[in-house]
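Chain residues, written in single-letter form:
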Amino acid sequence: MKVLVTYVSQTGNTKKVAEAIYDGIDEDKQIMDMGEATGLDEYDLTFIGFPIVQFNAPEDVQKFLTTSTAGKDIALFMTHGAPEDAGPVSDWISTIRNLAKGANIVGTFNCQGEVSQKIMDMLKSSSDPQMQAFADMCASGKGQPDEAKLQKARVFAKDIISQKKAWTE
Ligand SMILES: Cc1cc2nc3c(=O)[nH]c(=O)nc-3n(C[C@H](O)[C@H](O)[C@H](O)COP(=O)(O)O)c2cc1C
């Protein structure tokens, strides 16, 4: 089985998760920035990762999911500033899954990722109370993803691979 891990990461959180996922895979595997991924045809399974930006995937990732995943087995992973159990997180994931509706989505993994100081300062100094509330919500993400989250990502990768093997055997 040939597996690709491809990701977008602005401040390094999603990259850490991507590397943990890559680490958890014992197959023929490659890891690359999404900007380097030309297509998924040569892979049996692709893990696609990105940060949540304005309640969705970044625009380049939205385009990739819409145009390059049809008919493919993919697993999605994402990091976000909000805690995992924050209400809207599952809505964001549904929106994103819908972009890749032509693909076979074999699993999703998401975890909190520290929001950069620059963005936190901007949110806190905003006159919009919703932005300030969002900053408070993200404060619990300091130091994330931590080793426990990265271990969950490794286990996620292993589970997906064994499921895929079970289907194809
Ligand atoms: C411009 C911008 C918009 C963001 N929007 C959201 C958001 O809508 N929801 C959320 O939970 N986190 C949001 N975040 C926080 C990031 O998703 C989070 O810090 C993520 O772990 C960053 O991943 P990266 O280091 O791989 O870029 C935003 C961050 C930035 C910079």
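Read on for an overview of the structure. What you see is a predicted model, and the numbers here were worked out from it, not measured in a lab.

Before going further, it helps to examine the packing of helix α4 (residues 117–124) against helix α5 (residues 129–138). Interaxial distance between α4 and α5 falls to 7 Å at its minimum, and their mutual angle equals 140°. By the angle between their directions, the pair α4 and α5 is classed as oblique. Counted together, M120, L123 and K124 of α4 and M131, Q132, F134, A135 and C138 of α5 form the full contact between these two elements. For the contact of α4 with α5, a count of residues per class yields six nonpolar, one polar and one charged.

What follows is about the site of the ligand. Around the ligand there are 21 residues in total, and S9, Q10, T11, T14 and I52 lie nearest to it. Contact distances for the ligand include 2.6 Å between an oxygen atom and a side-chain N or O atom of T14. Its free accessible area being 650 Å², the ligand has 87% of it covered by the protein chains. When contributions to the shell around the ligand are tallied by element, the ones reaching two or more residues are α1 (13–23) and β4 (73–80). Of the residues assigned to the shell around the ligand, the class counts are nine nonpolar, eleven polar and one charged.

A few words on the sheet that holds strand β2 (residues 28–33). Read from one edge of the open sheet, five strands run β2-β1-β3-β4-β5, paired in parallel fashion. Each having just a single partner strand, β2 and β5 (104–112) make up the two edges of the open sheet. The average undirected angle you get between the axes of adjacent strands in this sheet is 15°. Relative to β5, β4 runs parallel, the two sharing eight bridges. By the bridge assignment, F77 is partnered in β5 with F109. Sitting on the sheet, helix α6 (residues 147–168) touches β1 (2–7), β3 (45–51), β4 and β5, and the angle it makes with β5 is about 170°.

Moving on, we get to the pattern of salt bridges. Evaluation of the coordinates by the stated rule reveals ten salt bridges. A salt bridge links K2 to E42, with the nearest nitrogen and oxygen atoms 2.7 Å apart. Placement of the pair is K2 in strand β1 and E42 in the loop between β2 and β3, with a sequence separation of 40 residues. A relative accessible area of 49% places E42 in the partly exposed class. With a shortest N-O distance of 2.9 Å, D41 and K72 are connected by a salt bridge. Taken together, the residues span a long stretch of sequence, with D41 in the loop between β2 and β3 and K72 in the loop between α2 (59–68) and β4 at a distance of 31 residues.

So, about the side chain of Q112. Topologically, Q112 is positioned in strand β5. Of the residues examined, Q112 reaches a relative accessible area of 4% and is grouped as buried. Here G81 takes part through its backbone oxygen, which lies 2.9 Å from a polar atom of the side chain of Q112. Those residues in contact with Q112 that sit more than four places away from it in its chain are H80, G81, A82, P83, E84, M137, C138, S140, G141, Q144 and P145.

Each value, and the rule that gives it
- Residues numbered from 1 in each chain as written.
- Predicted model: local features only at pLDDT ≥ 70, side-chain atom pairs only at ≥ 80, totals over all residues.
- Heavy atoms only, no water.
- Axes fitted to C-alpha atoms, helices over the stretch in contact; angles between N-to-C directions.
- Helix = DSSP H or I, 4+ residues; strand = E, 2+ residues; numbered from the N terminus.
- Parallel < 35°, antiparallel > 145°, perpendicular 65-115°, else oblique.
- Contact = heavy atoms within 4.5 Å.
- Nonpolar A, V, L, I, M, F, W, Y, C, P; charged D, E, K, R; others polar.
- Near = heavy atom within 4 Å.
- Polar contact = N/O pair within 3.5 Å; in protein donor to acceptor, adjacent residues only side chain to side chain.
- Areas by Shrake-Rupley, 256 points an atom, 1.4 Å probe, with all protein chains shown as cover.
- Pairing = 2+ DSSP bridges.
- Salt bridge = Lys/Arg side-chain N within 4 Å of Asp/Glu carboxyl O.
- Buried < 20%, exposed > 50% of the residue type's maximum accessible area, 1.4 Å probe, protein only.

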